[in-house]
Amino acid sequence: MKLCKTISNVMAVMAIATVMAACNQNSKEAAPQANTTPSAEKNSGLKIAFVQLDTLTNQYKYYQDVNDEFKKKQANAEATVNQKGKSFANQAQEFQRKAQSNQYTQEQFNNEQARLAKLQQDIQDLSTRLSVSLQEEQAKELQALTDTIQHFAESYAKEKGYDFILCKSSQIDNVLYASKAHDITDEVVKALNKRYDKSAKKSAAKETKKTETKK
């Protein structure tokens, strides 16, 4: 029994799609402001850049850590379901063997058949619950990832003087053309990872203090 086998395969695509959707929403909100400029000459002075989301999700340490943790939880869930599935298969095989050799009374046969049917349903229900739980957790993590990138992009744009930072992706792409001269992916990834490393060090230091205090 394979549990949510497609989740890990689409995680990167979902992450990109989530961020792309956020970018599209931001663009819609920002568009009226851009259209209120009094002249085409002023519009031509807009400072625009873009980020390759495929590269960002592949190189952003926060995303990689979240993805690795999710895969561990998925593997544990699959192992739990598979273990129960193997146990059920063994019991079903034993039931069939005894039934074929007439070792059951009719009542025993009916009771054992009902028990195995319930056990099979319980395993299916467990698989569904774990799958739903993983998907819900994944959705929360992707939203947290989106919020982090959005908040960073806002502060980064203000710092560098950008009017727009667009999203570009091989999976979901609303940008038909973008010159490499405006690609700021590398510098954004470096800045995000630097901030994430700093945050991770602070968290590790807090955990160390807690451990020392308990001792």
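Residues numbered from 1 in each chain as written. Predicted model: local features only at pLDDT ≥ 70, side-chain atom pairs only at ≥ 80, totals over all residues. Heavy atoms only, no water.

Asker: How do you make sense of the overall build of the protein when you look at a structure like this?
Answerer: Broken down by element type, the protein carries six helices and two strands. The helix and strand sequence of the protein, counted from the amino end, reads α-α-β-α-α-α-β-α. Within the span of the protein, comprising 215 residues, buried residues form 28% of the whole. Across the protein, the fraction of contacts at a sequence separation of at least 24, relative to all contacts at a separation of at least 6, is 87%. As displayed, the protein has an accessible area near 14,300 Å², and 50% of this comes from carbon and sulfur atoms. (Helix = DSSP H or I, 4+ residues; strand = E, 2+ residues; numbered from the N terminus. Buried < 20%, exposed > 50% of the residue type's maximum accessible area, 1.4 Å probe, protein only. Contact = heavy atoms within 4.5 Å. Areas by Shrake-Rupley, 256 points an atom, 1.4 Å probe, with all protein chains shown as cover.)

Asker: It is not clear to me how the nonpolar core should be interpreted in this structure. Could you clarify?
Answerer: It is characteristic of soluble globular proteins that their nonpolar side chains tend to be buried jointly. Counting residues in each nonpolar core, the largest one holds 20 residues, and the members touching the most others are L56, Y60, L145, I184 and V188. The set of elements that each furnish at least two residues to this core consists of β1 (48-52), α3 (53-59), α4 (61-100), α5 (106-160) and α6 (185-214). (Core = buried A, V, L, I, M, F, W, Y, C linked by side-chain atoms within 4.5 Å.)

Asker: I would appreciate a short explanation of the environment of Y156 in the present structure.
Answerer: Checked against the element boundaries, Y156 lands in helix α5. Y156 gets classed as buried once you look at its relative accessible area, which sits at 6%. For the pair Y156 and A191, spaced 35 residues apart in sequence, the C-alpha separation works out to 9.1 Å. Filtering out sequence-adjacent residues up to four positions away, Y156 remains in contact with Y162, I165, I184, E187, V188 and A191.

Asker: I would appreciate a short explanation of the packing of α4 against α5 in the present structure.
Answerer: Each pair of packed helices gets described by two things: the angle between the helix axes and the distance between those axes. The N-to-C vectors of α4 and α5 enclose an angle of 175°; their axes lie 11 Å apart at closest approach. Here α4 is positioned roughly antiparallel relative to α5, judged by the angle of their axes. Of the residues contributing to the contact of α4 with α5, the split by class is 19 nonpolar, nine polar and six charged. (Axes fitted to C-alpha atoms, helices over the stretch in contact; angles between N-to-C directions. Parallel < 35°, antiparallel > 145°, perpendicular 65-115°, else oblique. Nonpolar A, V, L, I, M, F, W, Y, C, P; charged D, E, K, R; others polar.)

Asker: How do you make sense of the pattern of salt bridges when you look at a structure like this?
Answerer: Side chains that differ in charge, positive against negative, can pair when their charged atoms come close. One pass over the full model with this rule turns up seven salt bridges. Between E137 and K73 there is a salt bridge, with its nearest N and O atoms 2.3 Å apart. Taken together, the positions of E137 in helix α5 and K73 in helix α4 put the pair 64 residues apart, joining distant regions of the chain. Given the relative accessible area of 33%, K73 is considered partly exposed. Across the salt bridge formed by R115 and E112, the nearest N and O atoms sit 2.8 Å from each other. With a gap of three residues between them, R115 and E112 both fall in helix α5, about one helical turn apart. (Salt bridge = Lys/Arg side-chain N within 4 Å of Asp/Glu carboxyl O.)

Asker: Whenever I open this one, the packing of aromatic side chains confuses me. Can you help?
Answerer: Two numbers describe a pair of aromatic rings. These are the distance of the centres and the angle of the planes. Per the counting criterion, the structure on display carries six aromatic pairs. Ring centres 5.1 Å apart and planes at 35° place the aromatic pair F95 and F109 in the tilted group. Residue F95 is found in helix α4, and its partner F109 is found in helix α5; the two are separated by 14 residues along the sequence. Judged by its relative accessible area of 11%, F95 falls in the buried class. The exposure class assigned to F109 is partly exposed, which follows from its relative accessible area of 25%. Between F152 and Y156, the aromatic rings sit 5.3 Å apart at their centres with planes inclined by 25°, giving stacked as the arrangement. One end of the pair, F152, and the other, Y156, are both in helix α5, four residues apart, so they sit about a helical turn from each other. Like F152, the residue Y156 is buried in the burial classification. Clustering of aromatic rings is evident, with ring pairs tying together Y60, Y62 and Y196. Looking at K47, its charged tip hangs above the ring of Y162, at a distance of 4.7 Å from the centre. (Phe/Tyr/Trp six-rings, centres within 6.5 Å; stacked < 30°, edge-to-face > 60°. Lys NZ or Arg CZ within 6 Å of the ring centre and 35° of its normal.)

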